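# An overview of the molecular structure
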Amino acid sequence: MSELQTMGMLPDMARSLGASTAAIGAFISIYAFGMAIGGPLIAWALRLIAPKAALLGVITAYAVLEAAVPLVHNYWWVAALRLLTGTLGAAVFGLTLTMAARLAPSPDRIASSISIVLNGLMLGAVLGLPISHAIATAWNWQTSFVVLGVAGLIIVLLDLRTLPVLPAVSAQTSADELQQFRSTRLWGRCLVSLLTIGATYGAFSYFTPLLEHDAGFSPNATTVILFGYGLCTVIGNNLVGRYADQHAVTLLRIGHLAMIGSLVGLALFSHLPWAALPGVLLVGLVGVTMNPALVVRVVEVAGAGNLVNTVHTSVITLGVVAGSAIGGVAVSGAGDTTAAAMWTGACAGWGLPRIASGLRARCRARLPGSPGGPLA
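Residues numbered from 1 in each chain as written. Predicted model: local features only at pLDDT ≥ 70, side-chain atom pairs only at ≥ 80, totals over all residues. Heavy atoms only, no water.

So, about the overall build of the protein. Tallying secondary structure elements over the protein gives 14 helices and zero strands in all. Counted from the first residue to the last, the protein has its helices and strands arranged as α-α-α-α-α-α-α-α-α-α-α-α-α-α. Relative to the compact-globule value of 21 Å for 376 residues, the protein shows a C-alpha radius of gyration of 21 Å, a close match. When the backbone C-alpha atoms are referred to their principal axes, the protein occupies close to 65 × 50 × 30 Å. Within the protein, the proportion of its 376 residues that are buried is 49%. Expressed as a percentage of contacts within the protein between residues at least 6 apart in sequence, the contacts between residues at least 24 apart total 80%. A total of about 17,000 Å² of accessible surface is found on the protein, and carbon and sulfur atoms cover 71% of it. (Helix = DSSP H or I, 4+ residues; strand = E, 2+ residues; numbered from the N terminus. Rg over C-alpha atoms; globule rule 2.2 N^0.38 Å. Buried < 20%, exposed > 50% of the residue type's maximum accessible area, 1.4 Å probe, protein only. Contact = heavy atoms within 4.5 Å. Areas by Shrake-Rupley, 256 points an atom, 1.4 Å probe, with all protein chains shown as cover.)

So this is what it looks like as structure tokens:
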């Protein structure tokens, strides 16, 4: 919720901090940059600390910095706090995904366990903007940061009472995890994650103008549709999490094909309300909801360590940033035509099956005894 809260308070924050609306909008990119770059550094620093202690420490620091934003009255100080909270946010995701995997009842239930955690991500994306907007309207934008900071401290108390104590990994296990980053398979699957999320967010970033200007929906109707989009992400996330342990590849294939089809349909028929509405909802159902399957594919080749999960989270965050940025360039280059962002996302999705096929062929070539492959 805190990642997206500034989107709901752009005018208020701009007036208060004496900055342009675009400059305030950059707070989201600054937060994402902190997640992408700083998250793995925090994960590395905490690699030998017990997961519960590390998680409680990170969330406490996050909550304090979030609540401290109203104490500063300068744009660059707020930007610095957003950068730090983004860094800690990535560490939170990595630690929670690792704990979810370790707390799974059995190895074949890891995806369903992870999907429970990812529900928080889906709901936060849906609720962050409207709730922050409502708080800023009723009181002021500073109150939003205080409320979410206090909420973070409440979460710390709940986690302190309810989360089990898991042993910290050994130095050897940490070293072994670091070796996983030499794996071509790991980076290949991270690339698939980056393109999947990038394609989704490249389109999602422009759903509001698509629905209002192209399809002709009213602002109120657009708000309802975007809530419907969020509901679809929650439903899709749970469905994928339920079946991803046994059918991750199949789910990704179906999801990618459905996403490509919906984005092409939106690019061609966004001016038709009856086509735009189901297209947007379908992207919600099969876009970011692929996350449980994507995480499982990474866990298969590199384990469920905190550093691996945090780096994977950073890659996904880069997908969000890159997708939105490339979509923006495409829209600007096409004369503010939102269809360009849909085509960009569809092209990224179209490349996914080819990347996956190439990676499978390369991995088969490396198997012992395969034609032309090494023996070890």
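There is more to say after this.
Before going further, it helps to examine the domain arrangement of the protein. Domain boundaries assigned for the protein yield domain 1 (1–168) and domain 2 (170–363). Computed over C-alpha atoms, the centres of domain 1 and domain 2 are 21 Å apart. The interface of domain 1 with domain 2 comprises 32 residues on the first partner and 33 residues on the second. Taken together, both faces of the contact between domain 1 and domain 2 bury some 2,600 Å²; the carbon and sulfur share is 69%. (Domains from an automatic or database assignment. Buried area = accessible area lost by both parts, 1.4 Å probe.)

Our focus in this paragraph is the packing of aromatic side chains. Applying the stated criterion across every chain yields a total of eight aromatic pairs. For the pair F27 and Y75, a centre-to-centre distance of 4.9 Å together with 20° between the ring planes defines the contact as stacked. One end of the pair, F27, is in helix α2 (residues 21–45); the other, Y75, is in helix α4 (residues 75–103), with 48 residues separating them in the sequence. By relative accessible area, F27 is classed as buried at 0%. Note on Y75: relative accessible area 12%, which makes it buried. Look at F204 and Y229: their rings are 4.8 Å apart centre to centre, the planes differ by 20°, and that puts the pair in the stacked class. In this pair, F204 is assigned in helix α8 (residues 184–204) and Y229 in helix α10 (residues 219–269), connecting sequence segments 25 residues apart. Assessed through its relative accessible area of 6%, Y229 is described here as buried. Each member of the aromatic cluster is reached from another via a ring pair, and the members are Y201, F204, F207 and Y229. (Phe/Tyr/Trp six-rings, centres within 6.5 Å; stacked < 30°, edge-to-face > 60°.)

This next bit is on the packing of α10 against helix α11 (residues 273–286). One way to put it is that α10 packs onto α11 with a least axis distance of 5 Å and a crossing angle of 155°. When the axes of α10 and α11 are compared, the pair comes out roughly antiparallel. A class-by-class count of the residues in the contact of α10 with α11 yields 18 nonpolar, seven polar and no charged. (Axes fitted to C-alpha atoms, helices over the stretch in contact; angles between N-to-C directions. Parallel < 35°, antiparallel > 145°, perpendicular 65-115°, else oblique. Nonpolar A, V, L, I, M, F, W, Y, C, P; charged D, E, K, R; others polar.)

Right, let's get into empty space enclosed by the protein. All chains considered together, the criterion is met by one cavity of 30 Å³ or more. By volume, the largest cavity amounts to about 30 Å³. As for the largest cavity, its lining consists of M1, Q5, G128, I131, S132, I135, S144 and L148. Looking at the lining of the largest cavity, the elements that each hand over two or more residues are α5 (110–138) and α6 (141–162). For the lining of the largest cavity, the leading source of residues is α5, giving four residues. For the lining of the largest cavity, the residue count by class is four nonpolar, four polar and no charged. (1 Å grid on protein atoms, 1.4 Å probe; cavity = no way out; pocket = protein on both sides within 12 Å on 5 of 7 lines; lining within 4 Å. Points joined across faces, edges and corners; volume = space filled by probe spheres on them.)

Across its 14 residues, α11 extends 20 Å between first and last C-alpha, which sits within 8% of the 20 Å expected from 1.5 Å per residue. Listed as buried for α11 are A275, A276, G279, V280, V283, G284 and V286. Elements that come into contact with the buried residues of α11 comprise α8, α9 (207–214) and α10. (Expected span 1.5 Å × (residues − 1).)

What follows concerns α10. Taking 1.5 Å per residue as the helical rise, α10 with its 51 residues ought to reach 75 Å, whereas the 20 Å between its terminal C-alpha atoms falls clearly short. Residue H247 marks the point of greatest curvature in α10, where the axis turns by about 115°. (Bend = angle between axes of the 7 residues up to and from the residue.)

On to the nonpolar core, then. In terms of nonpolar packing, the biggest core is built from 23 residues, with F207, L210, L211, L263, L266, V280 and M342 touching the most fellow members. Put simply, the parts of the chain that give this core at least two residues each are α8, α9, α10, α11 and α14 (339–366). The contact partners of V280, leaving out residues within four places of it in the chain, are F207, L210, L211, I225, Y229 and L266. A54, I59, A90 and L95 belong to the second-largest nonpolar core, a separate cluster that totals 18 residues. (Core = buried A, V, L, I, M, F, W, Y, C linked by side-chain atoms within 4.5 Å.)

Moving on to the side chain of T233. Mapped onto the secondary structure, T233 falls in helix α10. Reaching out from T233, the side chain makes a polar contact with the backbone oxygen of G230 at a distance of 2.5 Å. With residues near it in sequence (within four places) discarded, T233 still touches M122, V126, G284, V288 and T289. (Polar contact = N/O pair within 3.5 Å; in protein donor to acceptor, adjacent residues only side chain to side chain.)

For the pair helix α1 (residues 10–17) and α6, the least separation of the axes is 9 Å and the interaxial angle reads 110°. As far as their axial angle goes, α6 and α1 are roughly perpendicular. Facing α1, whose interface residues are D12, M13, S16 and L17, α6 presents W141, Q142 and F145. For the contact of α1 with α6, a count of residues per class yields four nonpolar, two polar and one charged.

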